[in-house]
Structures are given as structure tokens and as C-alpha cells.
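Structural description and commentary
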Amino acid sequence: MPEAKAHGDSLPPAVEPEEFENHWLALQKELAWIQDHGGKADCVRGIEVLEALIASARFQQACLSYHLEKEFVRDHEERGVNLDDQTRGAAGSVAIARKQSPTGFRNYLVNCRILLEDTPNIAAAFSRGEFTEPQVLAILNELQTVKAQRRTEFDEIYGQNPDMFECMGRNQIKDTVRKFTLSYNSDPVSKEHKTIEERRFARMEIDEASGSVKLTAQFPLLPGMGLRNYLYKESRKLKKKGDKRTLEQIRADILFSYMMIGEPSKMPINLQVGVIMTDRALFQGEREPAYLEGYGYIPAQDVREWIGGHQIENELTFEEMEARLTPEHIEQIEVLTELSRIYTAPGDQDLISMDSKARIFPEKLKKFISIRDRHCRTPFCDGIVEEADHVKQYAKGGKTSVHNCCGRCKVCNKTKEARGWFEFTLLKDQHTMLINPVSGMSYRSTAPPATGYIHKPFPQLTTDSKWFNDFKEKLSRRDAPEASAA
């Protein structure tokens, strides 16, 4: 259990350097005992404690890197040199000290500034070893795209919800933060997506050393994701039928066959992409990002253009386009769009059910689980959902239902069959699972919220919901003196 959880809603203070040193000395003795006498649970616990200690050491490195950069700036100002690039030399010095290539260390120093100047709660958690360095960098890289005020705002949200990243892998963390930042920078991101249309390409390079031809291509997001989804779906289908080729080989052969032979006209390729967005974002122009399956969060503006079959000119934002809207911009809808209804809990936070009119329940259930979970539900795994798995095994009486089902990648679906591994659901609406691997440690895995980036408690959902407020208003009207007199 993360230390933040043990302290409830308030975050414990950051670890001081002296505490870090004392903790390391005590841990050395404990590890020596584990290596001589420890069992499986002791070994796993030792690995976990060491990982937290490594993270705490990485925080201290970030602090030193931040102060080193400030020393470089101060030195350059005093000597009147490098005034156009006051941080010159800092990134290289940090890279050498860490025995790494200097590539990317300028960006690392930017993240150090954000960590120590704009996000004190995240920094404190990092110092206690609650985040690994890759996890923290996944947060900070996304926060670079918004202003300092927004970074501090997100840090305050984290301070009030210290378990919001619990058991998440780097990609899941990135998705969570990106959903927040896209609310403020959707216009430039949408512009960047549209320029890909002009920069699309396909290159064929001859590699004489390996005796092969390498194909490199870049597509806009919508056709690119459609092609990707088609190749993955067809390759898995053939693999399940016993095809002896690898998945990569099958995809290469499918792509080659369509490029050279062409698809028969009576059997058109069915390219599909799955997008999750609220009705408010789709029909009322709200800025809440949409989720593109297999990719992550994108501006809602992009999806509105896909569905409408019309793209806003590259140099204009959505607001600028609305300001100069003319009849010439109204075009015929060219995209055949199928909208599926997926129900959320009051307040539009958690996926709890799906359209009761579904004809083929098993396939629809698998699709629902993939949409709800998005990533493998094993703690810290970023794998894609490849299989729908019973939480309580079917052989032990587990039902084939939404609440007893979770998404897993193939590797984790086999791993959970290990002796001593057990798991069960805790909450239905948020679909929270308690997972106990063979070590005896306990981890909590919660499905991400359908909208927003944190789960709201149910009482808050009900008070935020329009239907609940309307219901209270009707009750108050019945209790009014006029109603009683009638």
C-alpha cells in the first residue's frame, strides 16, 4: 500500500536527506537477513522497498540537478557569457554524472524545474519513493504543455487525491495527465494533428546489409488508426485459427497482399476506430477530450470533424472558425458513423453498463471491458487489453458479467494462474479489484473514470447530477404552501 494511502487524504511530508541516509543503513541490515533467511514474500517486499529507495535517490538527483542548473545560470550572468543560452553546459554535466548520453537531458532539467517550482505535492511523493522516476517524468512531460498556473492546479488536485495514480503504469499516467492538459491546449494540438495530412509519406529504403526493403510511412491519425486496427484484428483472427506465422509476419503479408493484389470490390476493407466522448463534447462543443482506443486522449474538436466529414482549415482554431462561419463551410456529411450507448454512473464518471439491446452478448461484453479498462488491469502493466478475464474464476462459480470481468494482456492472464495468486472485486461502479500476487502483498486496481481524471465519491456524483437536482426541485415544489393549499 502506498504511504499516501496510509495517511488518508493528507499527504505526508517529503523525506529529508538525513532520513534517507538513516533508512539506507537500516535497510542494509534487513536485506542481509532476507538474503540468508527470507521466503518469497520477504524477497518481494525487499525488492519493493529497494525500488522506493531508488526513487527517493532519483528525487535527490533531481534536486541536485535543479540547483546545478541554477549555478550555471548564476555563473554565466556574473561573467556575462552565454546570455542567449544561460543553461548551456548544465545538461551535459548532469548526463556525465549519471553516466548517460546527454541526449534528452535539457528536457530532464525542464522537468526538474517544474517538479521543484510548480508541483510540491508530486515532488514530496517522489521523495518518499511513491513514484519511480519514469512515472514522474510521464507526469511532468505532459505538464510541460500548459502554463505554470495549470501545473499548480493539477498538483493541488493530486494533493487532494493522493491515490489517483495508484498501480498505474507510465502510459496510464500519461493518459490521465493528458486528459487534464488537453482541456487547456486542445487548439494547438488539433492544429498539429491536421498538419500531418500535409506531411504524410511512404518511403521504401533498400537495406543491402540485411538484403531487405524497409517500408516507413506516416498517416494522419484517423486513417492510420483504422489501418492499424484492421491489421491487428485480422492477424489475431488468423493466429487463433492456427496460423504458424508470427503476428508481425501476418500483418506484413496482409499489407503486402492488398498493396500488390488489391482487395476485391465485393469485399471492401472495413476500417474501424473506437472513440469515447461525452454527448456534451460531441453536440455542445465542450472541450473535454475524447479517448481514441489504442492511442489515448485527443481533442474533441478532431472527433467532431471526423464525424461531420469536414475539416477546419489548418490555420484556424475551432473558435476562429465559428467566428467566420459561412454557408460555404456547411458540407454534406461523408462519414457513416455508428454511435453506441454506454451507460455511466450518476455524474458521468464510471462505466457501469451498456446498451441492453446488444444482440451478441459475449462479443459486446468483451468490447465493453476493453472500453472500460483501456489497459491491462494488472498493477503497473501498460499492456493493451487482449483478453476478457474472470476475476473470480468461472470454474469456482464466477459469473460471466461486467462486474466479474476485467481486461488483461496475454502475459498477465497467464501470470494470474500462478499458485497463491488471488483477486476479487471490491466496488462495482468503479470496478475496483484487490489483487494479491504470490508474494502476499496487496494492490488495488481501479478502472479509469469514463470522464474526468479522478473518481468522485457517489454522494458528490448525486449532487452534481442534473437529474438529482431536478428531482429535489420537484420535491420542494410539492412541499410549497401553494401545493399544500391545493
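Scroll up to find the structure this text is about.
The following refers to the structure shown. (Residues numbered from 1 in each chain as written. Predicted model: local features only at pLDDT ≥ 70, side-chain atom pairs only at ≥ 80, totals over all residues. Heavy atoms only, no water.)

So, the overall build of the protein chain
What the protein chain contains, in helices and strands, is 19 helices and twelve strands. Looking at the protein chain as a whole, 37% of its 486 residues are labelled buried. Considering only contacts within the protein chain whose residues lie at least 6 apart along the sequence, 56% involve residues at least 24 apart. Looking at the protein chain as shown, the accessible area adds up to about 28,900 Å², and 55% of this sits on carbon and sulfur atoms. (Helix = DSSP H or I, 4+ residues; strand = E, 2+ residues; numbered from the N terminus. Buried < 20%, exposed > 50% of the residue type's maximum accessible area, 1.4 Å probe, protein only. Contact = heavy atoms within 4.5 Å. Areas by Shrake-Rupley, 256 points an atom, 1.4 Å probe, with all protein chains shown as cover.)

As for the sheet that holds strand E3 (residues 275-276)
Reading across the sheet, the three strands line up as E3-E4-E5 and stay open at both edges, with antiparallel pairing between neighbours. Of all strands in the sheet, those bounded by a partner on one side alone are E3 and strand E5 (296-298). Pairing geometry for strand E4 (residues 290-292) and E5, over three bridges, is antiparallel. If you follow Ala290 over to E5, its bridge partner there is Ile298. (Pairing = 2+ DSSP bridges.)

Some thoughts on the pairing of strand E2 (residues 212-218)
As defined by bridge partners, strand E1 (residues 201-207) adjoins E2 across seven bridges and the pair is classed as antiparallel. For Phe201, the partnering residue across the bridge sits in E2 and is Gln218. In this antiparallel pair of consecutive strands, E1 and E2, the connection spans four residues, and Gly211 shows a positive phi of 70°.

Quick notes on the nonpolar core
Counting 35 residues, the largest nonpolar core has Leu115, Phe131, Ile139, Phe154 and Phe165 as the members making the most contacts within it. When contributions to this core are tallied by element, the ones reaching two or more residues are helix H3 (40-79), helix H4 (90-97), helix H5 (105-117), helix H6 (120-127), helix H7 (133-143), helix H8 (148-160) and helix H9 (170-195). For this core, the element with the most residues is H5, which contributes six residues. Residues in contact with Ile139, not counting those within four places in the same chain, are Ile122, Phe131, Phe154, Phe165, Ile173 and Val177. Listed in part, the seven residues of the second largest apolar core include Leu221, Leu292, Ile298 and Trp306. (Core = buried A, V, L, I, M, F, W, Y, C linked by side-chain atoms within 4.5 Å.)

Examining H7
Where burial is concerned, most of H7 is hidden: eight out of the eleven residues are buried. Residues of H7 that are buried: Glu133, Gln135, Val136, Ala138, Ile139, Leu140, Glu142 and Leu143.

A closer look at helix H11 (residues 247-260)
Here H11 is 14 residues long and its end C-alpha atoms lie 20 Å apart, about the 20 Å a rise of 1.5 Å per residue gives. Here H11 has its buried residues at Ile250, Arg251 and Ile254. For H11, the buried positions fall inside an angular range of 100° around the axis, keeping them on one side. Seen from the open side of H11, the exposed residues pointing more than 90 degrees away from its buried face are Glu248, Phe256, Met259 and Met260. (Expected span 1.5 Å × (residues − 1). Arc of directions from axis to C-beta.)

Here we look at unusual backbone geometry
A positive phi angle is found at Asn82, which is not glycine, with a value near 50°. Tracing the sequence through the fold places Asn82 in the loop between H3 and H4. Positioned with a positive phi, Lys99 is a non-glycine residue whose angle comes to about 60°. As for its position among the elements, Lys99 is in the loop between H4 and H5. Since its relative accessible area comes to 76%, Lys99 is described here as exposed.

Section: a nonpolar patch on the surface
Together, Met204, Ile206, Val213, Leu215, Phe256, Met259 and Met260 line one region of the surface with nonpolar side chains, adding up to about 810 Å² of accessible area. Within the residue set of the nonpolar patch, elements represented by two or more residues are E1, E2 and H11. Per-element tally for the nonpolar patch: the top contributor is H11, with three residues. Of note, Met204 is situated in strand E1. For Met204, a relative accessible area of 56% gives the class exposed. (Patch = residues over 30% accessible without salt bridge, like charges linked within 9 Å, V, L, I, M, F, W, Y side chains within 5 Å. Salt bridge = Lys/Arg side-chain N within 4 Å of Asp/Glu carboxyl O.)

Some points on the packing of H3 against H6
Running from N to C, H3 and H6 cross one another at 130°; their axes reach a closest spacing of 7 Å. In terms of their interaxial angle, H3 and H6 are classed as oblique. Where H3 abuts H6, its residues Ala55, Ser56, Arg58 and Phe59 lie against Ala123, Phe126 and Ser127. Classifying every residue of the contact of H3 with H6 by side-chain character gives four nonpolar, two polar and one charged. (Axes fitted to C-alpha atoms, helices over the stretch in contact; angles between N-to-C directions. Parallel < 35°, antiparallel > 145°, perpendicular 65-115°, else oblique. Nonpolar A, V, L, I, M, F, W, Y, C, P; charged D, E, K, R; others polar.)

Some thoughts on the packing of aromatic side chains
Taken as a whole and assessed by the stated rule, the structure comprises eleven aromatic pairs. Consider the rings of Phe154 and Phe165, whose centres lie 6.2 Å apart with planes at 45°: the pair is tilted. Taken together, the residues span a long stretch of sequence, with Phe154 in helix H8 and Phe165 in the loop between H8 and H9 at a distance of eleven residues. For Phe165, a relative accessible area of 5% translates into the label buried. By the ring-pair criterion, three or more aromatic residues cluster together here, those being Phe131, Phe154, Tyr158, Phe165, Phe180 and Tyr184. Sitting over the ring of Tyr291, Arg374 keeps its end group 4.4 Å from the ring centre. (Phe/Tyr/Trp six-rings, centres within 6.5 Å; stacked < 30°, edge-to-face > 60°. Lys NZ or Arg CZ within 6 Å of the ring centre and 35° of its normal.)

Quick look at the packing of H3 against H5
Helix-helix packing is characterised by the crossing angle of the two axes and by the distance between the axes. Their axes nearest at 9 Å, the elements H3 and H5 cross at an angle of 105°. Compared by their axis directions, H3 and H5 come out roughly perpendicular. Where H3 approaches H5, its residues Phe59, Gln61, Ala62, Cys63, Ser65, Tyr66 and Glu69 are matched on the opposing element by Tyr108, Leu109, Cys112, Arg113, Leu115, Leu116 and Glu117. Looking at the contact of H3 with H5 residue by residue, the class counts come to nine nonpolar, two polar and three charged.

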